[in-house]
Structure formats: C-alpha cells, structure tokens
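Examining the three-dimensional arrangement
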Amino acid sequence: MQKSPLLAWVLLFTLAFIWGSSFILIKKGLIGLEPQEVGSLRIVAASLFLLPSAIKRFRWVEKSRIIYLKSAGFLGSLIPAFLFAIAQTQLESAITGVLNGLVPIFTILIALFVFKQKQLKAVYVGVLIGFIGTAILITAGEGNSLNGINAYALLVVLATICYASNLNLIKQKLNDLHAVTVTSVSLILVGPIAAIYLFGFTDFWPKLMSVEGTGLATFYICVLGVVGTAIALIIFNKILQMKDPLFASSVTYIIPVFAVMWGVIDGERLYLMHYVGMIAVGIGVYIANSNRAAYRKAGKTK
C-alpha cells in the first residue's frame, strides 16, 4: 500500500546519510581490528541494542516465519557485514559506497528471474550500463589505467546480491510484520553466531584489553552496529512496508554522494576511471529503475 509519500522520502534521505557514512566507519574500524572482527562486532552490537525489543516481539512471530527471518538476518546483515569489511581492506570507502549502488539492479534481476516480472527493454539497457560501470570500477587502477580484476570489489558485488535478495524476501514473505519485529528478530537469530565467532575464534578481547587503538576502533564499529545496522534496518524495513522494494532500494542513488563525500574528507585519492565508473553505475541504475517504475505504474508487471 502506497502511503505517506513525504515521510517515505524523509526516511529515505535519513537512511542514505546513515548508510553513506557506514563505509568510512568500517575504514576507521579496520585501523585497529581485523575485518572478521569488524563484521562480527557490528552484528553483535546491533543484536544487543535490539535484544529487549526482540525478546518482546519474538513470541508474536509464527514458527513458520522463523526460517524467513533467519534468512533475512543472514542476507541483510551477517553475510554483507563480513563481505564489506574484508573488501575495504583493499578498496577505498568511496568506491565501496558506489558499488553498493548495484542493489537496485540486482533487485530487478531477481524480480525478473525468480518472480517472473516482465521489464521494458530500456531496463536491460540500464542494467548493461550499470554493469559496464561496475567493470570499470573493479579494474580501475592508478592514473587513467585499467588493471586486472580486483577480487575484493567482487565481494561488494556479492554483498549487493545479498541485499537485493533480502529486499524481495521481506516484501514477499514478511511484509505484514512490523519493521521493528523484522529487524530485531532477524538480528538476534544471527547475533549468537557472530558473538561465538568474535569471542571464540578471534583475538578481539585480548586486543581490546591491551592494544592501543583497539578501543577507538571498537567504538566506531559499535556506532556502526547500533546506528548503521540496527536503527538503519528499522528505517529501511519501514520504507519497504510503506512503498516497495524498488523505492526502498533507490536509497542507493543517494548513498554514494555521502560515501564519496566522507572519502574525500578523509583524503582518499580517486582517479579519472573511478569517476567514469561511478557515473556509469549511477546512469545505469537510474535508467533501469526509472523505466521499471514506469512499467509498474502502467500496470504491466505481472
């Protein structure tokens, strides 16, 4: 059901700022923590923040929904948290933020192949342009050169596929549940996994007690977990329930603006081919998304 368009847009821009700032927080966290520690700590912080709400709401959830909520926890939180942290060991935060813009494209492709939604030909043009931009970003080197494939950028692409899958999953299977219920319950279902890994299979706790800089890095990732994951997912799921996966995923149009802004402020160096790739991704996503929206409005989507 379409409602409260102004509120939906306000929430969309708020979410874009939060998520656009998450990449620089990951970068700061990686100064004192290993990527696996960053990913797991992010989920643990988010899960603990939402634990009271999850305990209260868990009893309202039908047992048949648990599998979908657990899948949402993995696809929308746990797996991407690790993928982004590992990727940013070899990628600038600004580039990571732009690659995150592929979410709408994969949302469209999943809707096409899984849910059999027909599309205008222009949508495929947008998808193609978006992937060309992605290829440029993945292979862009210093100066104006194109080097070999940066495998770490492919991790970000995989994370966007997870996000797009989660978008469709929530809309198809969990759309009638409250946004806070979806977010809190899905996080506590994967939170213990992250906690066991963090405290049982990493050196996080000894480092926190003895290594300088670990405390500040932990602070950055806790902020990321609470604000950039827990609160942001509540906002995101609320938008998804107010609108549709297409509108919700369009937050990724705005995220790169904030991601690049923070990267420039932090002194990241971007080259011509990076900007070419960024522009191509933005144009591709816009063409694909806008034409699909027009197609849906015309009532031609199955």
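In this report, we go over the structure that sits alongside the text. (Residues numbered from 1 in each chain as written. Predicted model: local features only at pLDDT ≥ 70, side-chain atom pairs only at ≥ 80, totals over all residues. Heavy atoms only, no water.)

A closer look at the packing of helix α8 (residues 179–201) against helix α10 (residues 214–242)
Running from N to C, α8 and α10 point in directions that differ by 135 degrees, and their axes come no closer than 8 Å. Compared by their axis directions, α8 and α10 come out oblique. At the point where α8 passes α10, the crossing takes the right-handed sense. Residues A179, V180, V182, T183 and L187 of α8 pack against T229, A230, L233, I234, N237, K238 and Q241 of α10. Residues of the contact of α8 with α10, tallied by class, amount to seven nonpolar, four polar and one charged. (Axes fitted to C-alpha atoms, helices over the stretch in contact; angles between N-to-C directions. Helix = DSSP H or I, 4+ residues; strand = E, 2+ residues; numbered from the N terminus. Parallel < 35°, antiparallel > 145°, perpendicular 65-115°, else oblique. Left-handed = near helix turned anticlockwise from the far one by under 90°. Contact = heavy atoms within 4.5 Å. Nonpolar A, V, L, I, M, F, W, Y, C, P; charged D, E, K, R; others polar.)

Regarding helix α3 (residues 63–87)
Look at α3: 35 Å from first C-alpha to last across 25 residues, which is about the 36 Å you get at 1.5 Å a residue. Residue F74 marks the point of greatest curvature in α3, where the axis turns by about 40 degrees. (Expected span 1.5 Å × (residues − 1). Bend = angle between axes of the 7 residues up to and from the residue.)

Things to note about the nonpolar core
Core analysis: the largest hydrophobic core is formed by 87 residues, its most contacted members being L15, W19, L69 and I239. In terms of residues, this core owes the most to one element, α10, which gives eleven residues. Once residues lying within four places of it in the same chain are set aside, the contact partners of I239 are A8, L11, L12, L15, D244, F247 and A248. (Core = buried A, V, L, I, M, F, W, Y, C linked by side-chain atoms within 4.5 Å. Buried < 20%, exposed > 50% of the residue type's maximum accessible area, 1.4 Å probe, protein only.)

Here's the deal with the pattern of salt bridges
In a structure, side chains of opposite charge can pair up when their charged atoms sit close to one another. Scanning the model with the defined rule gives five salt bridges in all. Each of K27, K28, D266 and E268 takes part in one network of salt bridges that share partners. (Salt bridge = Lys/Arg side-chain N within 4 Å of Asp/Glu carboxyl O.)

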